[in-house]
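Spelled out from the first residue to the last, the chains are:
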Amino acid sequence: MNKIKLKKDCILKRLLMVAMSVFFMSLGITLLQQSNFGNDPYSCLGFGVSGTTGIPFGIIFMSMEFVFLIFVLFTDRSKIGIGTLANMFLVGNLADVIRILYEMVFPTPSLLWIRIIFMIIGIIVLSFGASLYFTADLGVAPYDAVAPILGNRTPLAFRWWRVITDVLCVIGGFLLGSVVGVGTVITAFFMGPLVHWFNVHLSEPFLQRSQKKTL
């Protein structure tokens, strides 16, 4: 009985990590957008489509993820879980809500040093959210699943597929009028080590404390 309860506690902790990751990733996207230094590659494409069509970013985010979800359903369903759905339906929409609430109270930052602070905090917060999300291991976002699947099914390694998909997102976002800047470059090439640092020092220790109780 006690062992079962502890296992349920572990699942609850993973669900809590997914919920926290949704909030932090949404907040990170908003901070990067407000910095006007460019977002991560996937959000860059999403904002480009949103700006061109006039459709809210959250709806565009869901629509894009749905397209990638179809690909994942036909290639590797094991990567789909509750975390997949949380990412699809909540991250983009929550980012819209946070942006609206922010703009109701504060002006868009214009001073360079404030924009730099927004960019730095945005990258850190986004990386922490991504770390929680991957460590929870309750499903992968459809876009994040594409590169690993292609890496397993083609001679080209995962990391190169990730570079290719990210570059295509940035090019698409740029052509559609999205801001591409130093924030885009940093998130594309340097967010990985930061996510790894959070994995080792925060996310994995947080999860392992509950897993040890099940032994």
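Residues numbered from 1 in each chain as written. Predicted model: local features only at pLDDT ≥ 70, side-chain atom pairs only at ≥ 80, totals over all residues. Heavy atoms only, no water.

**A short note on the pattern of salt bridges**
And then number 1: Under the counting rule described, the total for this entry stands at five salt bridges.
And then number 2: Linking Arg 99 and Glu 103 is a salt bridge whose minimum nitrogen-to-oxygen distance equals 3.3 Å. Linking Arg 99 with Glu 103, this pair stays in helix α4 (residues 82-105), spanning four residues, or about one helical turn.
And then number 3: Shared partners join several salt bridges into a network, and the residues in it are Asp 96, Arg 99 and Glu 103. (Salt bridge = Lys/Arg side-chain N within 4 Å of Asp/Glu carboxyl O. Helix = DSSP H or I, 4+ residues; strand = E, 2+ residues; numbered from the N terminus.)

**What to know about unusual backbone geometry**
And then number 1: Residue Asn 36 is not a glycine yet carries a positive backbone phi of 60°.
And then number 2: Relative to the helices and strands, Asn 36 is located in the loop between α1 (2-35) and α2 (41-53).
And then number 3: Among the residues examined, Asn 36 registers a relative accessible area of 43% and is labelled partly exposed.
And then number 4: Its identity is not glycine, yet Asp 137 carries a phi of approximately 55°, on the positive side.
And then number 5: Note on Asp 137: relative accessible area 58%, which makes it exposed. (Buried < 20%, exposed > 50% of the residue type's maximum accessible area, 1.4 Å probe, protein only.)

**So, the packing of helix α3 (residues 57-75) against helix α6 (residues 142-153)**
And then number 1: At a minimum axis separation of 9 Å, α3 and α6 run at an interaxial angle of 35°. Here the hand of the crossing between α3 and α6 comes out left-handed. Within the contact between the two elements, α3 uses Glu 65, Phe 68, Leu 69, Phe 71, Val 72 and Thr 75 and α6 uses Pro 142, Tyr 143, Ala 145, Val 146, Ile 149, Leu 150 and Arg 153. (Axes fitted to C-alpha atoms, helices over the stretch in contact; angles between N-to-C directions. Left-handed = near helix turned anticlockwise from the far one by under 90°. Contact = heavy atoms within 4.5 Å.)

**Let's talk about α2**
And then number 1: Taking 1.5 Å per residue as the helical rise, α2 with its 13 residues ought to reach 18 Å, and the 19 Å between its terminal C-alpha atoms agrees with that figure.
And then number 2: Buried residues of α2: Pro 41, Tyr 42, Ser 43, Cys 44, Leu 45, Gly 46, Phe 47, Gly 48 and Ser 50, and no others.
And then number 3: Two residues or fewer after α2 comes Gly 54, characterised by a positive phi angle close to 80°. (Expected span 1.5 Å × (residues − 1).)

**Concerning the environment of Tyr 143**
And then number 1: Here Tyr 143 lies in helix α6.
And then number 2: For Tyr 143 and Met 64, which are 79 residues apart along the polypeptide, the C-alpha to C-alpha distance reads 8.4 Å.
And then number 3: Setting aside chain neighbours within four positions, we find Tyr 143 in contact with Tyr 42, Glu 65, Phe 68, Arg 162, Thr 165, Asp 166 and Cys 169.

**Quick notes on the confidence of the model for the chain**
And then number 1: Averaged over every residue, the pLDDT of the chain is 92; residues scoring 70 or more account for 93%.
And then number 2: The low-confidence segment residues 1-6 (pLDDT under 50) makes three contacts with residues lying over four places distant or belonging to another chain. (pLDDT = per-residue confidence, 0-100.)

**Here's the deal with the packing of aromatic side chains**
For any pair of aromatic rings, geometry is given as the distance between the ring centres together with the angle between the planes.
And then number 1: Overall, the coordinates contain 13 aromatic pairs when judged by the stated rule.
And then number 2: Arranged with centres 5.1 Å apart and planes meeting at 65°, the rings of Phe 24 and Phe 128 form a pair that is edge-to-face. Within this pair, whereas Phe 24 is found in helix α1, its partner Phe 128 is found in helix α5 (residues 112-136), the two being separated by 104 residues in sequence.
And then number 3: For Phe 128, a relative accessible area of 18% puts it in the buried group.
And then number 4: The rings of Tyr 42, Phe 47, Phe 57, Phe 61, Phe 68 and Tyr 143 are connected pair by pair, giving a single aromatic cluster.
And then number 5: Lying across the ring of Phe 206, Lys 13 places its NZ or CZ 4.4 Å from the centre. (Phe/Tyr/Trp six-rings, centres within 6.5 Å; stacked < 30°, edge-to-face > 60°. Lys NZ or Arg CZ within 6 Å of the ring centre and 35° of its normal.)

**A closer look at the nonpolar core**
And then number 1: Membership of the largest hydrophobic core comes to 34 residues, with the highest contact counts inside it found for Ile 29, Tyr 42, Phe 57, Val 91 and Leu 126.
And then number 2: Taken together, the elements giving at least two residues each to this core come down to α1, α2, α3, α4, α5 and α9 (191-211).
And then number 3: By residue number, the principal contributor to this core is α5, which donates eight residues. (Core = buried A, V, L, I, M, F, W, Y, C linked by side-chain atoms within 4.5 Å.)

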